[in-house]
Amino acid sequence: MLTTALRNVLAHKARLLMTVLAVCLGVAFVSGTLVFADSTAAAYRASASRDFADVAVTVTAAKDPEVLTDVLAHRLAELPGVAAVRPSVDGSAVLDAADGTPLRVRQGTNLAAGYDPGRYPVAEGRAPAAEGEVAVDRGTAAAGRFHLGDTVTLATDGPALTARLVGIVTTRDTRVTAGGTLTLLDRATAQKLFATTGHYTGIDVSAKAGTSEYELARRIEGMLPADRAEVATGQAQAAQQAMYVGTLTRGYQKMPMVFAGVALFIGSFLVVNTFTMLVARRSREIALLRAVGATRRQVVRSLLAEAVLVGLVASVAGLVLGLGIASVLPDLLSGDGDRLPRGPLVIGARPVAAALFVGVGVTVTAAWLPSRRAARIAPVEALRSAAQPAGRSRPRAVAGTFLLVLGVGLLVSLAGSAKDASEGNLRTAMLGCGVLVVALILLAPALAVPVIRLTARLTRRFGITGRLARRNALRDPRRTAATAATLLISTALVSGLATVGTSTGQALDRQAADGLVADYVISTGSTMTGIDPAAVQRVAGAPGVRTASAVADSTAVIGGRVREVSGVDPASVDRVMKLDLVSGSLKDLGPGRIAVSRSVAQETGVGAGGQVNVRMGRGEGLGRYTVVGVYRDNPTARDVLGAREEVQRNGYKPGSVQRILVRGDGASENALRTAVGDNPLLEVRDRAELVREAAGTMADLLTLMYGLLAIGVVISALGIVNTLAMSVTERTREIGALRALGMERAAVRRMIRLEAVTVAGFGTLLGLAGGLFGAWAVGALAGGAMEQYTLVLPWGTLALVCLASLAIGAVAAAVPARRAAALSPLEAVAEA
């Protein structure tokens, strides 16, 4: 039977090619993502290891920032086994690019440090030697369009500074190579900014040959004051730095894995359809095997062996294609300014095993049902002249109806509930959407006849070819349903995501605009840095400014979750924020009294007048706070409102503010930037920019949506080509008879294309129905989290989906249609 399986694969290799390609696509995303992850991690580890190659031990300050001094450095140099001691001082600094735009990074760090010739070799110019001079690395120079001799603006944690660029260096520091920036200062200036004169933020110690870094670390720990400094080996520092950067870039792996899952899920239907059609075409052959003594188990094993062979080929091809994906991902993902390290591809056991497991596993699992169906073929079938189309399956219809009622019931009950957008309800909604799609797939054969008959008016316009195309699509409803399933799934995913994404994006736009009365927002973007108090006064006195209200941002733990806290002035908050109070009043804000958003109130079960335990900011203990008001969710106010003085007292940077909300008559962005000293740490944004930023949060969802559409279209095209090719082979005599009766080649091609478009339209209609219904239910939950949420149908996207689906049906039919039209009438009629 194994020999039979191998011969069958070779005999039907052209028909199995589409199946191999579909599974190959999913395997490629899986293996490529894993190879990319391993290669990126290895590159980071190698970079970190090179950076700490000559560092045996690193000493950093723990609780006492003044413990690292020149005296300590000299004492460390005198320890046995110490080869060299290299004190360092570093912090963070944001640079303004040549066009005045702050060089902020999503990954990595805005690193600033005192110049160290051993760690930062000079490539051009010279090292900074005095105050007012800086050097940057090559990547930062390219990102900021800097040239030697330029005057650059930078800020650490206070007023902006200006300096002359005197050098460009190279670095292997992973905090920079991961997409960060590097600013180098002379040591005295760095100490003044990030420590104090004569003090350091770290001391690197090199060991003599033959001295263990662990032994050296124990010696250093023995001479340091207890709990005042921390000691770590160079290897530990390299591993920690590589882990830190790897965590930053881990999100790059998520989207390719989503594509892989969707590709494999949709591709599995193509596998089922292909093997089902092969079983139907080979029913006489299988019956003959049964007649000569083959058992049902042997038939099942034979078909599963074919699936294993197909899966192995798809796995190998997918692994090779995955290596190509892994090689281009760093370039694709570095396009937004975050530089990923380049290095050799690391092909370990994990991606190889995953490719084999996924490729073979998906193929064999999908082929199991057709193999069971083949085992039920009776020996008497060998006497039939042709395979008969499968009839309707009553158990399938019953199961589909049950799941349809279950899925619709889940979604309707959630939509009609209290609109609680809790994590549990969202999971239930996702489950309901999945059940609904599965139900539509099971019911597709029963729905094929009534739905396709609705297209009679459209196909009737093409005369006899249109009627034949419609009847061919209805000849085997199971096959039509299986072919349309791939488009059904991809259309449901895309239409649902597009509807939810568009509705959410517009809701965020309205929320950002409705919650803010201020004309401008000046912010630091971090709770760890603050705005110079003098800058607040200068902004208040800027031309055209009527109100400038400072806001202190921090965090608080309420109900076991970390919340964002805004510290405001109760007297002026209503002039810069538009707060829609559900209950209570903000005038009572003060020490021990807070207001919370409606979402926080619902999650914690507390309302106006109630009390709740809060750990504010960097405070260590819980405090009992009274809730004086509940307001509708507002992105400007965030989760919790408190009195500014109390939030500042418990903040991560005590006494500072992180935002200034500005309202005025004719105030300009340039005037406000001048008022804050053109500080690169600060962002000045108007209301329109804030609205655009809120809309930008849907960019990842849109990328995912179009990626899923592309994958669904490609696999659907493979399925349609496969189905029509087999259908043409089965209908050779029929097509020959039509040609003998006078049907022209163009009419034959038109008939096949119309059949493909009919099947594609059927899958698209079911997918749109399921996707839009699921989007309505999920949107009802989203309305509980956002008052501004309303269901908005993205007509343009939906039209694009429909046109793409119909077009792919027509394009996929090109080869089968040409093959059918090329059949000779005499040879076709004579074929047995």
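Remember, it's a predicted structure, so these values are computed and weren't measured experimentally.

Student: Just checking my understanding: could you explain the overall build of the chain for this structure?
Tutor: Tallying secondary structure elements over the chain gives 28 helices and 22 strands in all. Per-residue burial over the chain gives 51% buried out of 832 residues. Restricting the contact set of the chain to residue pairs at least 6 apart, pairs at least 24 apart contribute 83%. Of the accessible surface of the chain, which amounts to about 36700 Å², a share of 58% is contributed by carbon and sulfur atoms.

Student: Help me understand the pairing of strand β17 (residues 593–597), please; the structure alone is not making it clear to me.
Tutor: For a regular strand, side chains alternate in direction, first toward one face of the sheet and then toward the other. Judged by how many residues are buried, β17 sits mostly within the fold: four of five residues are covered. Here β17 pairs with strand β19 (residues 623–631) via five bridges, running parallel. Bridged to A595 within β19 is G629. Here β17 runs beside strand β20 (residues 640–643); their pairing, made up of two bridges, is antiparallel. Note on β20: the bridge partner recorded for V596 is V640.

Student: Even after reading the chapter, I still don't get a nonpolar patch on the surface, so can you show me in this structure?
Tutor: On the surface, a cluster of nonpolar side chains totalling about 420 Å² of accessible area is made up of V308, L312, L345, I347, V352 and L356. Sorting the residues of the nonpolar patch by element identifies α11 (296–333) and α12 (349–375) as the ones contributing at least two each. Within the secondary structure, I347 sits in the loop between α11 and α12. Using a relative accessible area of 47% as the deciding quantity, one classes I347 as partly exposed.

Student: What exactly am I supposed to notice about the packing of aromatic side chains here?
Tutor: Each aromatic ring pair is summarised here by two numbers: the centre-to-centre distance and the angle between the ring planes. In this structure the tally under the stated criterion is one aromatic pair. When the ring of F773 is compared with that of W776, the centres are 5.5 Å apart and the planes differ by 40 degrees; the resulting orientation is tilted. Placement of both F773 and W776 in helix α25 (residues 745–785) is noted, with a separation of three residues, approximately one turn of the helix. For W776, a relative accessible area of 36% translates into the label partly exposed.

Student: Looking at this structure, how should I read unusual backbone geometry?
Tutor: Located in the positive-phi region is R145, a residue other than glycine, with phi close to 55 degrees. As for its position among the elements, R145 is in the loop between α4 (138–144) and β8 (151–155). A positive phi angle is found at R638, which is not glycine, with a value near 70 degrees. Note on R638: relative accessible area 25%, which makes it partly exposed.

Student: Whenever I open this one, the nonpolar core confuses me. Can you help?
Tutor: Grouped together as the largest cluster of nonpolar side chains are 88 residues, with contacts concentrated most on V30, F275, I720, I752 and F762. With twelve residues, helix α2 (residues 13–51) is the single largest residue contributor to this core. With residues up to four places along the chain from it excluded, the contact list for F275 reads L16, L303, E306, A307, V310, A367 and P370. Core analysis: the next-biggest nonpolar cluster, separate from the first, contains 35 residues, A601, V614, I660 and V662 among them.

Student: Just to check I follow, could you spell out the confidence of the model for the chain for this structure?
Tutor: Caution applies to low-pLDDT regions: their predicted coordinates should not be interpreted in detail. In this model, the chain carries an average pLDDT of 80, and 83% of its residues clear a pLDDT of 70 or more. Across the chain, element-level confidence peaks in strand β7 (residues 133–137) with a mean pLDDT of 94 and bottoms out in helix α28 (residues 825–830) with 64.

Student: Is there a simple way to explain the environment of R731 in this structure?
Tutor: Structurally, R731 can be placed in the loop between α23 (699–730) and α24 (732–740). Given the relative accessible area of 5%, R731 is considered buried. Remark: the alpha-carbon pair of R731 and A820, spanning 89 residues in sequence, is separated by 9.1 Å. Contacts of R731, omitting those with residues within four sequence positions, involve N472, R475, M751, I752 and E755.

Student: Please explain the side chain of R685 as it appears in this structure.
Tutor: By the element assignment, R685 lies in strand β22 (residues 683–686). Under the relative-accessibility criterion, R685 is labelled buried at 11%. Engagement of the side chain of R685 in a polar contact is seen with the side chain of S523, the distance being 3.0 Å.

Student: How do you make sense of α12 when you look at a structure like this?
Tutor: In an α-helix there are 3.6 residues to a turn, and that puts residues three or four apart on one side. For α12, built from 27 residues, the straight-helix expectation of 39 Å at 1.5 Å per residue is met to within 8% by its first-to-last C-alpha distance of 37 Å. The axis of α12 is deflected most strongly, by about 40 degrees, at W368, and proline P370 appears within four residues downstream.

Student: How should the pattern of salt bridges be read in this particular structure?
Tutor: As a working rule, side chains carrying opposite charge can pair if their charged atoms are close by. Taken as a whole, this structure holds 16 salt bridges when the rule is applied. A salt bridge links R219 to E215; the shortest N-O distance between them is 3.5 Å. One end of the pair is R219 and the other is E215, both in helix α7 (residues 213–223) and four residues apart, which spans about a single turn. Between D665 and R546 there is a salt bridge, with the nearest N and O atoms lying 3.0 Å from each other. Residue D665 is located in the loop between β21 (659–664) and α21 (669–675), and its partner R546 is located in strand β14 (residues 545–558); the two are separated by 119 residues in the primary sequence. Through salt bridges with shared partners, a single network forms among R126, E133 and R164.

Student: Would you take a moment to explain helix α6 (residues 187–194) for this structure?
Tutor: Taken together, the buried positions of α6 are T189, A190, Q191 and F194. On its buried side, α6 packs onto β3 (90–92), β5 (110–114) and β10 (181–185).

Student: What's the story with the pairing of β14 in this structure? I'm lost.
Tutor: Burial of β14 is extensive: twelve of the 14 residues sit out of reach of the surface. Of the strand pairs in this sheet, β14 and strand β15 (residues 561–568) are connected by seven bridges, and their pairing is antiparallel. By the bridge assignment for β15, V557 is matched with V562. Taken together, β14 and the strand that follows it, β15, pair antiparallel across an intervening segment of two residues, in which G559 is found at a positive phi of about 65 degrees.

Student: Help me understand the sheet that holds strand β11 (residues 202–207) in this model?
Tutor: Two modes of strand pairing occur in sheets, parallel and antiparallel, and in both the strands are linked by backbone hydrogen bonds. With antiparallel pairing, the four strands of this open sheet are ordered in space as β2-β11-β1-β12. Edge positions in the open sheet fall to β2 (82–88) and β12 (229–233), since each of these has one partner strand only. Taking the axes of each pair of neighbouring strands and ignoring which way they run, one obtains an average angle of 20 degrees across the sheet. Seen against the sheet, helix α3 (residues 70–77) touches β1 (57–61), β2 and β11 and runs at an angle of roughly 165 degrees to β2. Against the sheet, α7 makes contact with β1, β2, β11 and β12, and its axis sits at roughly 170 degrees relative to β12, the strand it touches most.

Student: Is there a simple way to explain the packing of helix α26 (residues 795–812) against helix α27 (residues 814–821) in this structure?
Tutor: The packing of two helices is summarised by the inter-axis angle and the distance between the axes. Running from N to C, α26 and α27 cross one another at 35 degrees; their axes reach a closest spacing of 5 Å. Residues A810, V811 and A812 of α26 form the contact with α27, whose participating residues are A814, V815 and P816. Among the residues forming the contact of α26 with α27, the class breakdown is six nonpolar, no polar and no charged.

Student: In this structure, what is going on with the environment of A780? I would like to understand it.
Tutor: Locating A780 in the fold gives a position in helix α25. For the pair A780 and A415, spaced 365 residues apart in sequence, the C-alpha separation works out to 5.1 Å.

Student: Quick question: what am I supposed to make of a positive patch on the surface here?
Tutor: On the surface, a cluster of positive charge is made up of R296, R372, R373 and R376. Note that R296 resides in helix α11. The class of R296 is partly exposed, set by a relative accessible area of 47%.

Student: I'm lost on the environment of T101 in this one. Help?
Tutor: Tracing the backbone shows T101 in the loop between β4 (94–95) and β5. Apart from the residues lying within four places of it in its own chain, the contact partners of T101 are L95 and D96.

The rules we used
- The numbering scheme is per chain: residues are counted from 1 as the chain's sequence reads.
- Confidence filtering applies because this is a predicted model: local features only for residues at pLDDT of at least 70, side-chain atom pairs given and counted only at 80 or more, and all residues used for totals across whole chains, interfaces and linings.
- Water and hydrogen atoms were dropped before computing side-chain values, which therefore reflect all heavy atoms in the structure.
- By the criteria applied, helices consist of DSSP H or I runs no shorter than four residues and strands consist of E runs no shorter than two, each listed in order from the N terminus.
- Relative accessibility decides the category of a residue: with a 1.4 Å probe and only protein chains considered, values under 20% of the type maximum give buried, values over 50% give exposed, and everything between is partly exposed.
- Whether two residues are in contact is decided by their heavy atoms, any of which lying within 4.5 Å being enough.
- For the area figures, the Shrake-Rupley method with a 1.4 Å probe applies, and any residue is considered shielded solely by the protein chains shown.
- When DSSP finds at least two bridges between two strands, those strands are taken to pair.
- Patch members must show over 30% relative accessible area and no salt bridge, and they are joined within 9 Å when carrying like charges or within 5 Å when they are nonpolar side chains of Val, Leu, Ile, Met, Phe, Trp or Tyr.
- Just to be clear on terms, a salt bridge is a Lys or Arg side-chain nitrogen sitting within 4 Å of an Asp or Glu carboxyl oxygen.
- Ring geometry is summarised as follows: Phe, Tyr and Trp rings, the Trp one being its six-membered ring, pair when their centres sit within 6.5 Å, and such pairs are stacked at plane angles under 30 degrees, edge-to-face over 60 and tilted between the two.
- To form a nonpolar core, buried Ala, Val, Leu, Ile, Met, Phe, Trp, Tyr and Cys residues must be joined to one another through side-chain atoms within 4.5 Å.
- For every residue, the predictor states its confidence as a pLDDT score lying anywhere from 0 to 100.
- Any pair of N or O atoms that falls within 3.5 Å is considered a polar contact. Within protein, one atom must be able to donate a hydrogen and the other to accept it, and sequence-neighbouring residues count only if both atoms are side-chain atoms.
- Helix span, as expected, comes to 1.5 Å for every residue beyond the first.
- Fitting axes to the seven residues ending at a residue and to the seven starting there, one defines the bend at that residue as the angle between these axes.
- Angles shown run from 0 to 180 degrees and are taken between the N-to-C directions of axes, each axis being a line fitted to C-alpha atoms and, for helices, limited to the stretch in contact.
- Three classes are used, and their members are as follows: Ala, Val, Leu, Ile, Met, Phe, Trp, Tyr, Cys and Pro are nonpolar, Asp, Glu, Lys and Arg are charged, and the others, Gly among them, are polar.
- None of His or the chain ends enter the tally, which takes Lys and Arg as positive and Asp and Glu as negative.
- Where a charge lies is defined by one atom per residue type, namely NZ (Lys), CZ (Arg), CG (Asp) and CD (Glu).

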